[in-house]
Amino acid sequence: MKGYVNIPGSIYCKLCKECGARPVISLVADIGYIVKCSKDERHYQTMPGLIDIEDWNRHNTIPAAIADFNLNPIIAW
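Draft legend 1. Fine view of the pairing of strand S2 (residues 23-28). Sheet analysis places strand S1 (residues 4-6) next to S2, joined by three bridges and oriented antiparallel. Bridging across to S2, Tyr4 finds its partner in Ser26.

Here it is in structure tokens:
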């Protein structure tokens, strides 16, 4: 057994802001479930309990200033 469950593509969740991997759901002993990065254990993980994709999305938001550095400037006439 893998020890984790892939989140279906039909469920909206942001990619890991550190490496860009899609998160997975993992069972933590008898405590509950966590949403975590599938590539690296040191990246953000939600608190154990119910599956909290909303918390994952909130903490993996990249500020607009960093995310938009590649966009061409928009000129308003």
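Draft legend 2. Focus on the nonpolar core. Membership of the largest hydrophobic core is limited to nine residues, which are Ile7, Cys13, Cys16, Ala21, Ile25, Val35, Cys37, Ile53 and Trp56. Looking at this core, the elements with two or more residues in it are strand S3 (32-37) and helix H1 (53-59). Excluding anything up to four places from it in sequence, Ile7 contacts Cys13, Arg22, Pro23, Val24, Ile25, Val35 and Ile53.

Draft legend 3. Seen up close, the sheet that holds S2. Strand order in the open sheet made by the three strands is S1-S2-S3, with antiparallel pairing throughout. The open sheet is flanked by S1 and S3, the only strands paired with a single partner. Looking at each pair of strands side by side, their axes are set apart by 30° on average, direction ignored.

The rules behind the values
- Residues numbered from 1 in each chain as written.
- Predicted model: local features only at pLDDT ≥ 70, side-chain atom pairs only at ≥ 80, totals over all residues.
- Heavy atoms only, no water.
- Pairing = 2+ DSSP bridges.
- Helix = DSSP H or I, 4+ residues; strand = E, 2+ residues; numbered from the N terminus.
- Core = buried A, V, L, I, M, F, W, Y, C linked by side-chain atoms within 4.5 Å.
- Buried < 20%, exposed > 50% of the residue type's maximum accessible area, 1.4 Å probe, protein only.
- Contact = heavy atoms within 4.5 Å.
- Axes fitted to C-alpha atoms, helices over the stretch in contact; angles between N-to-C directions.

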